[in-house]
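Read off the chains here:
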2 protein chains.
Amino acid sequence: MKKSIGAKTIVYPTPVFVVGTYDAQGRPNVMTAAWGGICCSSPPCLAVALREATYTYGNLMQRRAFTVNLPSEPYVKEADYFGIASGRDEDKFAATGLTPVKSDVVDAPYIQEFPFVLECRVIHHFPIGLHTQFIGEILDIKVEEEVLGEKGADIQKVKPILWAPDSRGYYGVGAFLGKAFSLGRELLAKK
Amino acid sequence: MKKSIGAKTIVYPTPVFVVGTYDAQGRPNVMTAAWGGICCSSPPCLAVALREATYTYGNLMQRRAFTVNLPSEPYVKEADYFGIASGRDEDKFAATGLTPVKSDVVDAPYIQEFPFVLECRVIHHFPIGLHTQFIGEILDIKVEEEVLGEKGADIQKVKPILWAPDSRGYYGVGAFLGKAFSLGRELLAKK
């Protein structure tokens, strides 16, 4: 039996995207955002939605470029801090001891210690309501060599973090359940 | 050391959203989409991006409403099938034995057997490239009583599925890693 819980922003999984930008003075900043995901295959694009009040919003409007850094499980504390503090008040790289690296393809910094980094240029932005969505064309992905897989990375080596918006819990990736475009074939109508 | 792997649509986690719509004849259809996520807190909105070639695209343009049904782990085969077959050619509910239920708040069907359902009306759509993004305002969420949590649902009871676009593998949710807006507090600058 289903029960109505109202109009809320809950879905699973929700990502933990650490968005890297430069501010007007060229200082690197990062913030954690959970509202986003891939939004187009060609050109390859990723969407991230931010409140106008964030420091990153201003950086994005000015620089039109960002990185998305995926924290691995050992960096869950840093990822959480990046979502609590503002770059207006704090140097988040200094506070965590993490290392900003200037991207070679976009005007934005990435985090050296995080295993998986997307480098994006903003091609559109749309105000939706409290959040404005930025559409970033993915220009390159940089991956630590030890987490590389056959066609990208190995998710079980990257150990990315998921978030549950209702309980506000962080989770890891669990067991392999099967292969896509394969498991469901037996249900296809016999032709 | 980071290695460039090129401009690809890879990020983790990627969701497994089963999108429910009615076609022009009022027949219920579902398709699986991995490009999407929450995109605004107020109004509460979720984005899903689809190719124009899909049957669901036409349904969405006409009906301006959809559901997002989160499969639990036991339905991974059905979720995969929903991403392989087209509603133009097959009755996906008949093929899987799952039950369409007419939403009481939007003009779209949901899947009775799936534990977590969002009901959305389309408030915007934007062509980005190969994919068009549909922004759905979340009007209600319906959750099976046995997976309810304190402030929504319990992600470990819902057992949602994640997808890895590069390896095309489905995964479950893993271990609890900590609480958001809490773990990172110790890194905040002392004021």
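Residues numbered from 1 in each chain as written. Chains lettered and ligands numbered in written order. Predicted model: local features only at pLDDT ≥ 70, side-chain atom pairs only at ≥ 80, totals over all residues. Heavy atoms only, no water.

### Notes on the relation of the copies chain A and chain B
Thought 1: In screw terms, the move from chain A to chain B is a rotation of 180° and a rise of 0.0 Å along the axis, fitting with an RMSD of 0.0 Å. Such a combination of rotation and displacement between the chain copies is what one expects of a two-fold axis. Residue A:Gly174, judged by its C-alpha, is the member of chain A lying nearest the rotation axis, at 1.8 Å.
Thought 2: When the interface residues of chain A are mapped onto chain B, 100% of them are again interface residues, pointing to one common binding face. (Least-squares fit on C-alpha atoms with pLDDT ≥ 70 in both. Contact = heavy atoms within 4.5 Å.)

### Topic: the interface of chain A and chain B
Thought 1: In this assembly, 104 residues from chain A lie in contact with 104 residues from chain B.
Thought 2: Counting the surface lost from both chain A and chain B, the interface buries some 8900 Å², and carbon and sulfur atoms represent 66% of this.
Thought 3: Applying the counting rule to chain A against chain B returns four salt bridges.
Thought 4: Residue A:Glu186 is joined to B:Lys77 by a salt bridge in which the shortest nitrogen-to-oxygen separation is 3.0 Å.
Thought 5: On inspection of chain A and its partner chain B, the count reaches 53 residue pairs in polar contact (both at pLDDT 80 or more).
Thought 6: Per element, the largest residue contribution to the side of chain A that touches chain B is 11 residues, and it comes from strand β13 (residues 169–179) of chain A. (Buried area = accessible area lost by both parts, 1.4 Å probe. Salt bridge = Lys/Arg side-chain N within 4 Å of Asp/Glu carboxyl O. Polar contact = N/O pair within 3.5 Å; in protein donor to acceptor, adjacent residues only side chain to side chain. Helix = DSSP H or I, 4+ residues; strand = E, 2+ residues; numbered from the N terminus.)

### What about the pattern of salt bridges?
All names here are of chain A.
Thought 1: Counted according to the given criterion, the structure contains 18 salt bridges over all chains.
Thought 2: Glu-119 is the salt-bridge partner of Lys-142, the closest N and O atoms lying 2.7 Å from each other. Of this pair, Lys-142 sits in strand β11 (residues 131–144) while Glu-119 sits in strand β10 (residues 116–127); the two residues are 23 residues apart in sequence, bridging distant segments of the chain.
Thought 3: Classification of Glu-119 as buried rests on a relative accessible area of 0%.
Thought 4: Residue Asp-140 is joined to Lys-142 by a salt bridge in which the shortest nitrogen-to-oxygen separation is 3.1 Å.
Thought 5: Here Lys-142 falls in the buried class, since its relative accessible area comes to 8%.
Thought 6: A single salt-bridge network, built from bridges that share partners, covers Asp-104, Glu-119, Asp-140 and Lys-142. (Buried < 20%, exposed > 50% of the residue type's maximum accessible area, 1.4 Å probe, protein only.)

### Notes on the environment of A:His125
Residues and elements named next belong to chain A.
Thought 1: Within the fold, His-125 resides in strand β10.
Thought 2: By relative accessible area, which is 29% here, His-125 ends up partly exposed.
Thought 3: Taking the C-alpha atoms as reference points, His-125 and Arg-64, separated by 61 residues in sequence, lie 9.7 Å from one another.
Thought 4: Every residue in contact with His-125, bar those within four places of it in the chain, is listed here: Met-61, Arg-64, Thr-132, Gln-133 and Phe-134.

### Points about the sheet that holds strand β13 (residues 169–179) of chain B
Thought 1: Strand order in this open sheet of six strands is β2(A)-β12(A)-β13(A)-β13(B)-β12(B)-β2(B), and the pairing throughout is antiparallel. In this open sheet, the two edge strands, each paired with only one partner strand, are β2 (14–15) of chain A together with β2 (14–15) of chain B.
Thought 2: Across three bridges, strand β12 (residues 162–164) of chain A lies against β13(A) in antiparallel orientation. Its bridge partner being in β13(A), A:Ala164 is matched across the sheet by A:Gly169. (Pairing = 2+ DSSP bridges.)

### A short note on the environment of A:Ala34
Residue and element names in this part refer to chain A.
Thought 1: Looking at the secondary structure, you find Ala-34 in the loop between β4 (28–33) and β5 (36–40).
Thought 2: Owing to a relative accessible area of 17%, Ala-34 belongs among the buried residues under this scheme.
Thought 3: Aside from chain neighbours lying at most four places away, what touches Ala-34 is Thr-14, Pro-15 and Trp-163.

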